[in-house]
Amino acid sequence: NASDTDNHQPNWSPAGDRILFQRRVGNADVWNLYTMAVDGSDQVRITTGQSDTDAAWSPDGGWIVYSSIFGGLSVAKLFVVAAVAAVGGGAPLQITFGEIDEDSAPSWSADGKWIAFESHAPDDRSPAALWRIAMRVPFGPCGADGMLCDDANPCTDNDTCQNNICAGTPSVGVACDDGNPCTHDDT
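The text that follows walks through the structure, step by step, so that each part is easy to find. Note that the coordinates shown come from a computational prediction; the quantities given were computed from them, not determined experimentally.

So, about the environment of Trp 108. Counting through the fold element by element, Trp 108 comes out in strand β9 (residues 102–108). Non-local contacts of Trp 108, meaning those with residues more than four positions away in its chain, are made with Ala 56, Trp 57, Ser 58, Pro 59, Trp 63, Ile 64, Val 65, Val 80, Trp 114, Ile 115 and Met 135. Among the polar contacts listed, one links the side chain of Trp 108 to the backbone oxygen of Gly 112, at a separation of 3.2 Å.

Below is the structure:
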């Protein structure tokens, strides 16, 4: 097209006032997420990762879940970012972990308590498994950067505010509950 962009996977916001989509410029392998008004105006870049795809709105329209290799990951994992159009989203929060399988195609439950997604080996020939994870949204807006907070995730510690989002560091070796009834001995 005239803008030299490739735009994919449009999704209406729950309020019907914005459209979320992924875009790359030219033939680059770098995809980022954008929102725009329904008439095509007010285009706002939400992410600045290396490969941000498969985005979906939370039921309240306040959050976006997506698949990415943000931070140099070797395989795509799921991230959540605030859907704040005026400031371009904010810091992404990684919500799935591991170094073997790619996580993609996330979808929020209607009540906002779960995210379903597919996970598969990165070779595109392996079958995908469907998973769901509990989504706790108290990681929402908080105070000044560095302020102590509680992201309500027992599998993280050192929770602090980062770009108006409460986020913690994954606890290594500490017993916790990841909210997935199909796993046990969570650490």
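From this point, the narrative continues.
Before going further, it helps to examine the packing of aromatic side chains. A full pass over the atoms with the stated rule returns 3 aromatic pairs. When the centroid spacing of 5.7 Å and the interplanar angle of 20° are considered together, the rings of Phe 21 and Tyr 34 count as stacked. In this pair, Phe 21 is assigned in strand β2 (residues 18–25) and Tyr 34 in strand β3 (residues 32–37), connecting sequence segments 13 residues apart. Joined through ring pairs, the aromatic side chains of Tyr 66, Phe 70 and Phe 79 make up one cluster. The ring of Trp 114 carries the charged tip of Arg 132 above its face, separated from the ring centre by 3.6 Å.

The next subject is the sheet that holds strand β4 (residues 44–45). Strand order across the open sheet formed by 4 strands is β1-β2-β3-β4, with antiparallel pairing between neighbours. This sheet does not close on itself; its edge strands, each paired only once, are β1 (5–12) and β4.

Looking now at the pairing of strand β7 (residues 77–82). In terms of burial, β7 is largely enclosed, as 6 of its 6 residues are buried. The two faces of β7 match: Lys 77, Phe 79 and Val 81 on one face and Leu 78, Val 80 and Ala 82 on the other face are all buried. When strand β6 (residues 63–68) meets β7, the two strands line up antiparallel, connected through 6 bridges. Within the sheet, the bridge partner assigned to Ser 68 lies in β7 and is Lys 77. Pairing of β7 with strand β8 (residues 93–94), which is carried by 2 bridges, proceeds in the antiparallel orientation. By the bridge assignment for β8, Phe 79 is matched with Gln 94.

What counts and what doesn't
Residues numbered from 1 in each chain as written. Predicted model: local features only at pLDDT ≥ 70, side-chain atom pairs only at ≥ 80, totals over all residues. Heavy atoms only, no water. Helix = DSSP H or I, 4+ residues; strand = E, 2+ residues; numbered from the N terminus. Contact = heavy atoms within 4.5 Å. Polar contact = N/O pair within 3.5 Å; in protein donor to acceptor, adjacent residues only side chain to side chain. Phe/Tyr/Trp six-rings, centres within 6.5 Å; stacked < 30°, edge-to-face > 60°. Lys NZ or Arg CZ within 6 Å of the ring centre and 35° of its normal. Pairing = 2+ DSSP bridges. Buried < 20%, exposed > 50% of the residue type's maximum accessible area, 1.4 Å probe, protein only.

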